[in-house]
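Each chain, letter by letter, is given below.
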Amino acid sequence: MLKVEDWAEIRRLHRAEGVPIKEIARRLGVARNTVRAALNSDRPPKYERVPRGSVADGFEPQIRALLSEWPRMPAPVIAERIGWPYSMTPLKKRLARIRPEYVGIDPVDRVAYEPGEVAQCDLWFPETKVKVGAGQERVLPVLVMTLGFSRFMTATMIPSRQAGDILSGMWSLIGGIGRVTKTLVWDRESAIGGTGKVTAPAAAFAGTLATRIKLAPPRDPEYKGMVERANQYLETSFLPGRGFASPADFNQQLSEWLVRANARTVRSIQGRPVDLLPTDYLAMIPLPPVDPPVGLSSRVRLGRDYYVRVDTVDYSVDPHAIGRFVDVSASPHEVTVLCDGQVVALHQRSWAKQAVVTDPVHAATAGRMRQALALDRERRQASTRRHSDGHAVALRALPDYDALFGVDFDPVSTKASNE
């Protein structure tokens, strides 16, 4: 086969320098017919191998019959059904070529976002464990939010995947920007819309902000591809080589890194997120004068052990509230307990698992109450009448009632007065 370099040289010699075909054949050591073929061809020569066929050719009718009824049947199952005797590679290649004819192709369009239109939200779980106290280290979720128009990225670590903690994280990020987009895109996160319908806490949050939460279709991560790429960017550019002494330390390092990340040039928008944020901001919805409902909350009757549970951690409460209903509310930073509107406990929130947080004042109060109860019992036991043998008298003696009411029922004295 003639090389591309020889083909180009033949055309140059003949057309540029006017060298005859016979002379070109002599110089290059090729046949004159080869020279003529090169001059008649406007395209460089290309080697094409004659297809030899595949061992899968004879099985293709059976494969198509199976795919017509079960388009997504796995390759190992197909191999078993058709009695495939060879390695799986030729079968998989044939399936990759013909399966789209039966399952269809789902093309993805590129979307252009208007300023203030949308923000994509997701949870990222960094592999690096964070120290949370009580000798524990945990993998904690990080709430990531990316604005559609400016690609401005913001994120914060939260204690759990519960609705109250996720909404607290969203409110923190939205408050940091100062406004909210018209739409917040989420996947089917259980606390936001695991059943395909936005949960009541998430709907209340969105309603307060006058925005809406839009759920992505199931098993379709491309629907929120921007925040998925942001998660990957955090995984590869922020996380490597870092250690974290606490969740607060993680968020501090993350906020410092995000300043640099938002100052980089994003190729898809040909600009820097920090420069495009003002345009995004002006088109967003102003925040309401009241805060949306966020955080964890519950109402319980305080038991004798005077502790309430938030997530998996127990927090002490003033023992004077034992037996009464208390209202528990928890943000990512603190836990507050109210009884009839009065604060009966205030703790810094622990992000550990199965921990116990005790206020020394509450423990001391409980000790004094137990001591007072013990003294009262001793006093009651000391005032109990006893028989001569020492055991307690179960009933009062009848003369005690006579003396109490000022009467005398002595029959001897009554008979003497009558005489």
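Refer to the structure presented above.
Residues numbered from 1 in each chain as written. Predicted model: local features only at pLDDT ≥ 70, side-chain atom pairs only at ≥ 80, totals over all residues. Heavy atoms only, no water.

*Asks:* What is the right way to read the overall build of the protein chain from this model?
*Replies:* Per the secondary structure count, the protein chain includes 16 helices and 16 strands. Whereas a compact globule of 419 residues would reach a radius of gyration of roughly 22 Å, the protein chain reaches 41 Å, over 25% beyond that. Each of the three principal axes of the protein chain carries a C-alpha extent, and together these read 175 × 60 × 40 Å. Each of the 419 residues in the protein chain was classed as buried or not, and the buried ones make up 36%. Within the protein chain, contacts between residues at least 6 apart in sequence are counted, and of these 60% link residues at least 24 apart. Just so you have it, the protein chain exposes about 25600 Å², and 52% of that area is on carbon and sulfur atoms. Taking the 57 positively charged and 47 negatively charged side chains of the protein chain as two groups, their mean positions are separated by 10 Å. (Helix = DSSP H or I, 4+ residues; strand = E, 2+ residues; numbered from the N terminus. Rg over C-alpha atoms; globule rule 2.2 N^0.38 Å. Buried < 20%, exposed > 50% of the residue type's maximum accessible area, 1.4 Å probe, protein only. Contact = heavy atoms within 4.5 Å. Areas by Shrake-Rupley, 256 points an atom, 1.4 Å probe, with all protein chains shown as cover. Lys, Arg positive; Asp, Glu negative; His and termini not counted. Charge placed at Lys NZ, Arg CZ, Asp CG, Glu CD.)

*Asks:* Explain the sheet that holds strand β12 (residues 313-316) to me, please; I cannot follow it from the model alone.
*Replies:* For sheets, the rule is that strands pair by backbone hydrogen bonds, running either parallel or antiparallel. The sheet built from three strands is open, its strands ordered β11-β12-β16 with mixed pairing. Strands with a single pairing partner mark the edges of an open sheet, and in this sheet they are β11 (307-310) and β16 (356-357). When β11 meets β12, the two strands line up antiparallel, connected through four bridges. In the strand pairing of β12, Y307 is matched with S316. (Pairing = 2+ DSSP bridges.)

*Asks:* Before we go on, may I ask you to explain helix α11 (residues 225-238) in this structure?
*Replies:* Structural remark: α-helix, 3.6 residues per turn; residues separated by three or four positions point the same way. Spanning 14 residues, α11 covers 19 Å between terminal C-alpha atoms, matching the ideal 20 Å at 1.5 Å per step. By the burial criterion, the buried members of α11 are G225, M226, V227, A230, N231, L234 and F238. Where α11 is buried, its residues touch β1 (118-124), β4 (142-147), β5 (153-157) and α12 (247-261). (Expected span 1.5 Å × (residues − 1).)

*Asks:* Hey, could you run me through the environment of I98 in this one?
*Replies:* Note on placement: I98 falls in helix α6 (residues 88-98). Sequence-wise, I98 and M88 are 10 residues apart; in three dimensions their C-alpha atoms are separated by 16 Å. Those residues within four positions of I98 in sequence are excluded, and the remaining contacts are E60, I63, R64 and L67.

*Asks:* Would you mind showing me how to read a nonpolar patch on the surface here?
*Replies:* A grouping of Y401, L404, F405 and V407 is seen on the molecular surface, where their side chains present a nonpolar patch of about 440 Å² in accessible area. Among the structural elements, Y401 can be located in helix α15 (residues 398-405). (Patch = residues over 30% accessible without salt bridge, like charges linked within 9 Å, V, L, I, M, F, W, Y side chains within 5 Å. Salt bridge = Lys/Arg side-chain N within 4 Å of Asp/Glu carboxyl O.)

*Asks:* Just to check I follow, could you spell out the nonpolar core for this structure?
*Replies:* The tendency in soluble globular proteins is for nonpolar side chains to be buried side by side. Ranked by size, the top nonpolar core spans 41 residues in total, and within it V144, F250 and L254 carry the most contacts. Ranked by the residues each element gives to this core, the list is headed by α12, at five residues. Those residues within four positions of V144 in sequence are excluded, and the remaining contacts are Q120, C121, D122, W124, M153, T154, A155, V227, A230, N231 and L234. Counting residues in each nonpolar core, the second largest holds 30 residues, with C121, F152, A163 and F205 among its members. (Core = buried A, V, L, I, M, F, W, Y, C linked by side-chain atoms within 4.5 Å.)

*Asks:* Mind showing me how you'd approach the pairing of strand β2 (residues 130-133) here?
*Replies:* Note on strand geometry: in a regular strand, side chains alternate between the two faces of the sheet. Sheet analysis places β2 next to strand β3 (residues 136-138), joined by three bridges and oriented antiparallel. By the bridge assignment for β3, G133 is matched with Q136. Hairpin connection of β2 to β3: two residues between the antiparallel strands, including A134 at a positive phi of 55°.

*Asks:* It is not clear to me how the side chain of R99 should be interpreted in this structure. Could you clarify?
*Replies:* Within the element layout of this structure, R99 appears in the loop between α6 and α7 (100-103). For the buried R99, which has no salt bridge, the nearest side chain bearing the opposite charge is E101, at an N-O separation of 11 Å. Residues within four places of R99 in sequence aside, it is in contact with L67, P71, R72, M73, P74, A75 and I78.

*Asks:* Explain the side chain of R138 here, please?
*Replies:* By the secondary structure assignment, R138 is in strand β3. In this structure R138 is buried but unpaired, with D311 as the nearest side chain of opposite charge at 4.9 Å. Of note is the side chain of R138, whose polar atom sits 2.6 Å from the backbone oxygen of W351. Among residues more than four places away in sequence, those in contact with R138 are T128, K129, V130, V132, P159, W351, A352 and K353. (Polar contact = N/O pair within 3.5 Å; in protein donor to acceptor, adjacent residues only side chain to side chain.)

*Asks:* What's the story with the packing of aromatic side chains in this structure? I'm lost.
*Replies:* Any two aromatic rings considered together are summarised by their centre-to-centre distance and by the angle between their planes. The final tally for this structure, using the stated rule, is eight aromatic pairs. Through successive ring pairs, a cluster of aromatic residues spans Y233, F238, F244, F250 and W257. Looking at R81, its charged tip hangs above the ring of W70, at a distance of 5.8 Å from the centre. For the cation-ring pair, R179 lies above Y281, with the distance from its terminal atom to the ring centre recorded as 4.9 Å. (Phe/Tyr/Trp six-rings, centres within 6.5 Å; stacked < 30°, edge-to-face > 60°. Lys NZ or Arg CZ within 6 Å of the ring centre and 35° of its normal.)

*Asks:* Help me understand the environment of G341 in this model?
*Replies:* Here G341 shows up in the loop between β14 (334-339) and β15 (342-348). Spatially, the C-alpha atoms of G341 and V326 are 9.1 Å apart, while their sequence positions differ by 15 residues.

*Asks:* Help me understand unusual backbone geometry in this model?
*Replies:* Most peptide bonds take the trans form, and the phi angle of most residues other than glycine is negative. Although it is not a glycine, A210 adopts a positive phi angle of roughly 60°. By secondary structure assignment, the location of A210 is in the loop between α10 (200-209) and β8 (212-215). One non-glycine residue with positive phi stands out, namely D340, at about 55°. By the secondary structure assignment, D340 is in the loop between β14 and β15. Given a relative accessible area of 60%, D340 falls into the exposed group.

*Asks:* Which parts of the structure should I look at to understand the pattern of salt bridges?
*Replies:* Pairing of side chains with opposite charge becomes possible as their charged atoms draw close. Throughout the structure, instances matching the rule amount to 20 salt bridges. Across the salt bridge formed by R12 and E9, the nearest N and O atoms sit 2.6 Å from each other. Residue R12 and its partner E9 are both found in helix α1 (residues 4-15); the two are separated by three residues, about one turn of the helix. The partly exposed category is assigned to E9, whose relative accessible area is 26%. With a shortest N-O distance of 4.0 Å, D42 and R11 are connected by a salt bridge. Highlighted residues: D42 in the loop between α3 (32-40) and α4 (60-69) and R11 in helix α1, separated in sequence by 31 residues. Its relative accessible area of 62% is what places D42 among the exposed residues.

So yeah, pure geometry; function would need other evidence.
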